[in-house]
Amino acid sequence: RVQTPTSPVGTRPNAKPASKAKTTPGIKSEFTLFEDLGMSDPFFGLAQTYLNAKRHFAFSAQSYSLRRKLLAMSGENIPVLSDQEPLKTYVCENPVKTPPYYPQTSMPFMEHPNVSSRMDLDTLFFAFYYQQNTYQQYLAAKELKNQSWRFHKKYLTWFQRFEEPREITDEYEQGTYIYFDYEGDWCQRKKSDFRFEYRYLEDTEL
């Protein structure tokens, strides 16, 4: 005898098609037992909770990434201990009052923008360190930068690459450098295996 096919578990045989159950985008629900009994589908609430959690996680991941970028940007200009130290200015130990026939003010040609290009390094460093907050200091800094010197804001010292750095990253470069010893013997010195962190680099356009 041939057995009459039965209907699937969870459906009523010879019944009118049941009304569509609640569906959630991305979730296909074929289970209608609870709906046929006049009860709410428990999987609908579970699926909705899952999708809400998934959307919240995606938004939180984007927000976390943005916060990390903003925090990294703020850390690039974090204050250091040297920021609280006053600027070092030149104080003459033995001031002498010169006769009036000596120049009492700088010569006019010293104000010319191109005059610094004719100065040697010693003169440029003197103008930078001992003529604070003057136009001459600005011209000296500009010319030193033109000659590939770079100012270190932590050590208040000018550095120049002795050779190409052996290591370069987004945060620093490391190698051998020439620096100007303005506090000691007023001369150029070589420093090997020095790490120049870019957060201390004075990169203002002059």
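Reading guide: rules and limits
Residues numbered from 1 in each chain as written. Predicted model: local features only at pLDDT ≥ 70, side-chain atom pairs only at ≥ 80, totals over all residues. Heavy atoms only, no water. Salt bridge = Lys/Arg side-chain N within 4 Å of Asp/Glu carboxyl O. Helix = DSSP H or I, 4+ residues; strand = E, 2+ residues; numbered from the N terminus. Buried < 20%, exposed > 50% of the residue type's maximum accessible area, 1.4 Å probe, protein only. Contact = heavy atoms within 4.5 Å. Axes fitted to C-alpha atoms, helices over the stretch in contact; angles between N-to-C directions. Parallel < 35°, antiparallel > 145°, perpendicular 65-115°, else oblique. Left-handed = near helix turned anticlockwise from the far one by under 90°. Nonpolar A, V, L, I, M, F, W, Y, C, P; charged D, E, K, R; others polar. Expected span 1.5 Å × (residues − 1). Phe/Tyr/Trp six-rings, centres within 6.5 Å; stacked < 30°, edge-to-face > 60°. Lys, Arg positive; Asp, Glu negative; His and termini not counted. Core = buried A, V, L, I, M, F, W, Y, C linked by side-chain atoms within 4.5 Å.

For the protein, an unreviewed UniProt entry supplies the name General negative regulator of transcription subunit 5 and the organism Spiromyces aspiralis.

Run through the pattern of salt bridges, naming residues and quoting values.
According to the stated counting rule, one finds six salt bridges in the structure shown. When the shortest N-O distance is used, the salt bridge between glutamate 173 and arginine 161 registers 2.7 Å. Here arginine 161 lies in strand S2 (residues 157–161) and glutamate 173 lies in strand S4 (residues 172–181), a separation of twelve residues in the sequence. Classification of glutamate 173 by relative accessible area gives buried; the value is 7%. Notably, a salt bridge pairs aspartate 193 with arginine 166, separated by 2.2 Å at the nearest N-O pair. Of this pair, aspartate 193 sits in strand S5 (residues 187–197) while arginine 166 is found in the loop between S2 and strand S3 (167–168), placing the two residues 27 residues apart along the sequence. It is possible to trace a salt-bridge network through shared partners that takes in Arg161, Glu164 and Glu173.

Give me the environment of serine 192: which residues, what numbers.
Structurally, serine 192 is set in strand S5. A C-alpha to C-alpha distance of 8.8 Å links serine 192 and isoleucine 178, two positions 14 residues apart in sequence. Leaving out residues up to four positions away in the same chain, serine 192 has contacts with Gly175 and Thr176.

Describe the packing of helix H3 (residues 121–130) against helix H4 (residues 135–146), naming the residues involved and giving the relevant values.
Here H3 crosses H4 at 135°, and the two axes come no closer than 8 Å. By the angle between their directions, the pair H3 and H4 is classed as oblique. In this structure, H3 crosses over H4, and the sense of that crossing is left-handed. Where H3 approaches H4, its residues Leu121, Leu124, Phe125, Ala127 and Phe128 are matched on the opposing element by Gln136, Gln137, Ala140, Ala141, Glu143 and Leu144. Class assignment of the residues belonging to the contact of H3 with H4 gives a composition of eight nonpolar, two polar and one charged.

Which residues make up H4, and what are the values?
Along an α-helix, residues three or four apart share an orientation, since each turn contains 3.6 residues. A rise of 1.5 Å per residue sets the reference length of H4, with its twelve residues, at 16 Å; its end C-alpha atoms lie 17 Å apart and thus fit the reference within 8%. Of the residues making up H4, those classed as buried are Gln136, Gln137, Leu139, Ala140, Ala141, Glu143, Leu144 and Lys145. Of the surrounding elements, those touching the buried residues of H4 are H3, strand S1 (150–152) and S2. In the segment just after H4, serine 148 is the residue with positive phi, at about 70°.

Explain the packing of aromatic side chains residue by residue, including any values.
Throughout the structure, instances matching the rule amount to 21 aromatic pairs. Centre to centre, the rings of phenylalanine 151 and tryptophan 158 are 5.3 Å apart; their planes meet at 55°, and the pair counts as tilted. In terms of burial, phenylalanine 151 and tryptophan 158 fall into one category: buried. Ring centres 4.9 Å apart and planes at 85° place the aromatic pair phenylalanine 180 and tryptophan 186 in the edge-to-face group. For phenylalanine 180, a relative accessible area of 1% puts it in the buried group.

With reference to specific residues and values, describe the side chain of glutamate 143.
Looking at where glutamate 143 falls in the secondary structure, it is placed in helix H4. No salt bridge forms around the buried glutamate 143; measuring N to O, its nearest opposite-charge neighbour lysine 142 is 8.2 Å away. Those residues within four positions of glutamate 143 in sequence are excluded, and the remaining contacts are Ser116, Ser117 and Leu124.

I'd love a proper account of the nonpolar core, names of residues and values included.
Formed by 14 residues in total, the largest nonpolar core has its most connected members in Phe125, Phe128, Tyr129, Leu144, Trp149 and Trp158. The set of elements that each furnish at least two residues to this core consists of H3, H4 and S4. Of the residues forming this core, the biggest block, five residues, is contributed by H3. For tryptophan 158, the contacting residues outside a window of four places in its chain are Phe125, Phe128, Tyr129, Ala141, Leu144, Lys145, Trp149, Arg150, Phe151, Ile178, Tyr179 and Phe180.

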